[in-house]
Amino acid sequence: MEREKIITILILIGLFGGLVGGPIASLADYYASPEKRFWLFIIPEFIGFGCIVLMIVYGKSRKKTNSKPE
């Protein structure tokens, strides 16, 4: 049970940190060059979408282990 909570918390931190943190970081450095702002935006977005994939894979694996044969 403890392992599941830790994995869920890490996925949520990555998800919201990536998908919310990227635009905020990009806007925080408003006077930077466009290339730098782009990289500040896109790298956390990749992390966030990676966490979405992990969340889906983890959820499907939990369904398989929790299903009871009849």
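Read on for an overview of the structure. (Residues numbered from 1 in each chain as written. Predicted model: local features only at pLDDT ≥ 70, side-chain atom pairs only at ≥ 80, totals over all residues. Heavy atoms only, no water.)

**Comments concerning the environment of phenylalanine 49**
Logical step 1: Tracing the sequence through the fold places phenylalanine 49 in helix α2 (residues 34-66).
Logical step 2: Residue phenylalanine 49 is classed as partly exposed on the basis of its relative accessible area, which comes to 46%.
Logical step 3: C-alpha of phenylalanine 49 to C-alpha of phenylalanine 16: the two residues are 33 residues apart in sequence and 9.8 Å apart in space. (Helix = DSSP H or I, 4+ residues; strand = E, 2+ residues; numbered from the N terminus. Buried < 20%, exposed > 50% of the residue type's maximum accessible area, 1.4 Å probe, protein only.)

**Regarding the pattern of salt bridges**
Logical step 1: Applying the stated rule across the entire model yields one salt bridge.
Logical step 2: Put simply, aspartate 29 and lysine 36 hold a salt bridge, and the shortest N to O gap is 3.3 Å.
Logical step 3: You can call aspartate 29 partly exposed: its relative accessible area is 25%.
Logical step 4: Lysine 36 sits in the partly exposed class, given a relative accessible area of 47%. (Salt bridge = Lys/Arg side-chain N within 4 Å of Asp/Glu carboxyl O.)

**Some details on the packing of aromatic side chains**
Logical step 1: Going through the model one piece at a time under the given rule, you end up with two aromatic pairs.
Logical step 2: Where phenylalanine 38 meets tryptophan 39, the ring centres are 5.3 Å apart and the plane angle is 70°; that geometry is what we call edge-to-face. (Phe/Tyr/Trp six-rings, centres within 6.5 Å; stacked < 30°, edge-to-face > 60°.)

**Details of a nonpolar patch on the surface**
Logical step 1: Judged by side-chain polarity, Ile6, Ile9, Leu10 and Ile13 come together as a nonpolar surface patch covering roughly 410 Å² of accessible area.
Logical step 2: Turning to its location among the elements, isoleucine 9 is positioned in helix α1 (residues 2-28). (Patch = residues over 30% accessible without salt bridge, like charges linked within 9 Å, V, L, I, M, F, W, Y side chains within 5 Å. Areas by Shrake-Rupley, 256 points an atom, 1.4 Å probe, with all protein chains shown as cover.)

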